Structures are given as C-alpha cells and as structure tokens.
Amino acid sequence: MKTRSQEYGLIGLQLLDRRLPTTHEMKELIHSKMHMARAGIRGEVKVDEIFQKYSFPFEYVVLHDVCLESYGKFQIDTLFLTEHFIVILESKNIGGKLRFKQNPAQLERENDEGKIDVFENPEVQVERNTYLLDEWLRLKGVKIPIYGVIVLTNSKVMVVESPENYPTILHSTIPVFIRNISREKMYLQLDEIHRLAKEIVASHQTYFPYPMCGRWGINPQDLLTGVLCEKCDTLGMVKRKNGWNCSGCGYVDRLAHEKTIREWFVLIGESINNRQCRYFLQLDSFQTASRILNSMGLFREGTSKSNTIYKWNWDEKS
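Criteria and thresholds
Residues numbered from 1 in each chain as written. Predicted model: local features only at pLDDT ≥ 70, side-chain atom pairs only at ≥ 80, totals over all residues. Heavy atoms only, no water. Helix = DSSP H or I, 4+ residues; strand = E, 2+ residues; numbered from the N terminus. Buried < 20%, exposed > 50% of the residue type's maximum accessible area, 1.4 Å probe, protein only. Contact = heavy atoms within 4.5 Å. Areas by Shrake-Rupley, 256 points an atom, 1.4 Å probe, with all protein chains shown as cover. Lys, Arg positive; Asp, Glu negative; His and termini not counted. Charge placed at Lys NZ, Arg CZ, Asp CG, Glu CD. Phe/Tyr/Trp six-rings, centres within 6.5 Å; stacked < 30°, edge-to-face > 60°. Patch = residues over 30% accessible without salt bridge, like charges linked within 9 Å, V, L, I, M, F, W, Y side chains within 5 Å. Salt bridge = Lys/Arg side-chain N within 4 Å of Asp/Glu carboxyl O. Core = buried A, V, L, I, M, F, W, Y, C linked by side-chain atoms within 4.5 Å. pLDDT = per-residue confidence, 0-100. Pairing = 2+ DSSP bridges. Axes fitted to C-alpha atoms, helices over the stretch in contact; angles between N-to-C directions.

S.K.: How do you make sense of the overall build of the protein when you look at a structure like this?
M.R.: Scanning the protein for helices and strands turns up 10 helices and 15 strands. Here the protein holds 318 residues, and 46% of them are scored as buried. For the protein, contacts bridging at least 24 residues in sequence account for 59% of all contacts bridging at least 6. Element-wise, carbon and sulfur atoms account for 47% of the exposed surface of the protein, whose accessible area totals about 17000 Å². Across the protein, the mean location of the 42 positive side-chain charges is 8 Å away from that of the 40 negative side-chain charges.

Here it is as structure tokens:
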C-alpha cells in the first residue's frame, strides 16, 4: 500500500560531501556515512523484493518507510499488518562478523581484516519503534500484538553473538519467519486492517534531515561556493545573458541557479536573503540575485530590500 519515499538523508550527504573541501576534518566521516546510506538503501530494496516475490496464505498489508509520531517521531523500514499481528522489520545491510552487545547496547562488526567497527545496536531502534507504534495504535483505540525483527540483508554476514530481546534473520527467511507467527487469535477485522493501513499512510510525515551543516556540526562557511556544472562537476559557473556558462567544459544551463539555491536549503538554513544568495552563487549583482529568488516560487517575508528573506516549503516542493 505504501512504497519507499525518496531518501532525503542520502541526498543531503551527497550534496554535503560534494561541497566539503578534500582537506576538511569531516570529509572522511561524511563520505563514509554517504556510502553507508547507499548500502542501507540496497538492503531495503532486497526486503522489498522479498515481498514482491512471495505471498502469504492470509490477508495482509505491507507498508514501506513509515514515519509517524506519538510520544516522539519514529521511522519504520517495513511494516507488515495482518488481522492477527503486526511485524516491524528493521533492515541492516552490514557484512562481517556481528556481535550484539549489551551494557552498553551496541553492535560490533569485525571485517575480514580484523578491524572492528561499532554501531548502535539495532535492538534499541526496534524496541523504541515497537513502543512508539504501540502508543500510536493505543491512541487510535487499537490493541494488537507487535513483533519486532532485525533483518540482515548482506549475504556476507555471520552473527557471532545474537541479540537478547529480538530475533535476527536473513532477508531470504522473512516469509518463513512471518508464517511461523501464531494466528490463533484475531484482533482486527479485515476492513479494520485496511482502514488502519490507510490511516497510517495518511499520518505519514516525510522526514527531512536538513539543514545538514547543523545536523553534523559543520560551519557553513567551510563549504565550497559557486554554481555546479552537472556535466563535468566543476564549481563556479558564470552567469551570462544566455544562462550559466561552465569554464571547464563550455556547457550552458539556464536554470543551474535553481539547483544551487536548493542546495542552500538542504545544507545551510531554512531561509536565504539576497546577500547570502550572492555569496553562495558567486554573484555581484543585487538585481540578478533578486530576480533569481523571486522566480523560484519561494515564500517571501519582509517589506524592504534589507529585511526580505525567502523560504522553501519542503512539503510542497520535495
């Protein structure tokens, strides 16, 4: 009933990685996080494919990438609804030898070279999502068992120490895991399940992890400025009458400024003024910057040149 949304976290990391100088102290970390986000998406796709290939001998609804809010905002990779139970599937595309540790709760991954990396224990996320979903359902007057499971999507993985509170399975065994859950008691009627699924979709809140500089503690002044050429990835396109001209490959793009303004909102802040526009696009002309900002359909606030700011509406323009 619900497919995955665009991965805004990965988009933000890609833009941030591109604008950080190679010598920046956060470059390596952001680059690593970007690759982890890509791997996570590949893992989620594997889970999606399982539900496309297999069906179950009972009525069910599958919802991917659900973001809700009860006593806090929470995001669920995949939600499986039936008349008898609900399953939260948290997918992790991590290879190597895994050890699920307690006190503190963390996940250790040992790669082929013996290097150990430490991550948040997925059990913590599953437990939090289970609690918050149960509260969300309770506020709707719904009481039904919720099962949480950690789904490992990397074929080159070995669990050395299993988690204590939630099962861990390979993505290929999802159908077997779900079929083995007891269906003796019915908590919801079929029409109630479909009504609940529609209500979840209607309550879904797309999550925008922006601005990225604030999220990662990076000074916006550290970012490389200028309009990027989408053909050769050269920064510093020049504004001329025929559009934005690339000094590297000669490509001309009449709307290149729009992508750069969007980058400002993703990376730096929720508003932009004329001076900031000129700085980020490397423009000299107040009038040119004003025309650009007024042409993009942004929310405009302020009554004079000195205090006018422009804002992006993510809900409408995402």
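After that view, the rundown keeps rolling.
S.K.: I keep staring at the packing of aromatic side chains and nothing clicks. Help me out?
M.R.: Centre distance and the angle of the planes are the two values used to describe a pair of aromatic rings. The final tally for this structure, using the stated rule, is 14 aromatic pairs. On the basis of an interplanar angle of 40 degrees and a centroid distance of 5.8 Å, the ring pair of Phe 56 and Phe 58 is categorised as tilted. Summarising the aromatic geometry, the rings of Phe 56 and Tyr 60 are spaced 5.1 Å apart at their centres and angled 85 degrees between planes, so their arrangement reads as edge-to-face. Residue Tyr 60 is classed as partly exposed on the basis of its relative accessible area, which comes to 24%. Connected via pairs of aromatic rings, a cluster forms that spans Phe 51, Phe 56, Phe 58, Tyr 60, Phe 80, Phe 85 and Tyr 147.

S.K.: Would you mind showing me how to read a nonpolar patch on the surface here?
M.R.: On the surface, a nonpolar cluster with roughly 380 Å² of combined accessible area is contributed by Tyr 71, Tyr 131 and Leu 139. Under the relative-accessibility criterion, Leu 139 is labelled exposed at 54%.

S.K.: In this structure, what is going on with the nonpolar core? I would like to understand it.
M.R.: Residues Leu 16, Ile 261 and Leu 281 are the most contacted members of the largest nonpolar core, which totals 39 residues. Elements that contribute at least two residues to this core include exactly helix 1 (8-19), helix 2 (27-53), helix 6 (212-216), helix 7 (256-267), helix 8 (274-281) and helix 9 (286-294). It is helix 7 that provides the largest number of residues to this core, a total of 6 residues. If we ignore the near neighbours within four places in the chain, the residues touching Leu 16 are Ile 30, Met 212, Cys 213, Trp 216, Ile 218, Leu 223 and Leu 267. Judged by nonpolar contacts, the second largest core, of 22 residues, contains Val 66, Leu 68, Ile 88 and Ile 193.

S.K.: Quick question: what am I supposed to make of the confidence of the model for the protein here?
M.R.: Regions with low pLDDT carry predicted coordinates that are not meant to be interpreted in detail. Mean pLDDT over the protein: 92, with 97% of residues reaching 70 or higher. By mean pLDDT, helix 10 (residues 314-317) is the weakest element of the protein at 56, and strand 7 (residues 146-152) is the strongest at 97.

S.K.: What is the right way to read the environment of Ala 105 from this model?
M.R.: With respect to the helices and strands, Ala 105 occurs in the loop between strand 4 (96-101) and strand 5 (106-110). In this structure, the C-alpha to C-alpha distance between Ala 105 and Cys 213, residues 108 residues apart in sequence, is 28 Å. Not counting the four nearest positions on each side in its chain, Ala 105 is found in contact with Asn 121 and Val 124.

S.K.: Got a minute to help me understand the sheet that holds strand 6 (residues 116-120) in this structure?
M.R.: In any sheet, the strands associate via hydrogen bonds between backbone groups, in a parallel or an antiparallel arrangement. Strands sit in the order 6-5-4-8 across an open sheet of 4 strands; the sheet is mixed. Strands at the two margins of the open sheet, each flanked by one partner only, are strand 6 and strand 8 (157-161). Going from strand to strand, the sheet's axes swing by 25 degrees on average, the running direction of each strand aside. As judged from the 4 bridges shared by strand 4 and strand 8, these two strands associate in the parallel manner. Its bridge partner lying in strand 8, Gly 96 is registered against Val 157.

S.K.: How should I be thinking about the pattern of salt bridges in this particular structure?
M.R.: If charged atoms from side chains of opposite charge come close, those side chains can pair. Per the stated rule, a full pass over the model turns up 15 salt bridges. Between Arg 109 and Asp 117 there is a salt bridge, with the nearest N and O atoms lying 3.0 Å from each other. One salt bridge in this structure joins Glu 301 and Lys 311, with 3.7 Å as the shortest N-O distance. Linking Glu 301 in strand 14 (residues 299-301) with Lys 311 in strand 15 (residues 309-311), this pair joins segments that are 10 residues apart in sequence. For Glu 301, a relative accessible area of 38% gives the class partly exposed. In this structure Lys 311 comes out as partly exposed when scored by relative accessible area, which is 25%. Salt bridges linked by common partners bring Arg 18, Arg 19 and Glu 263 together as one network.

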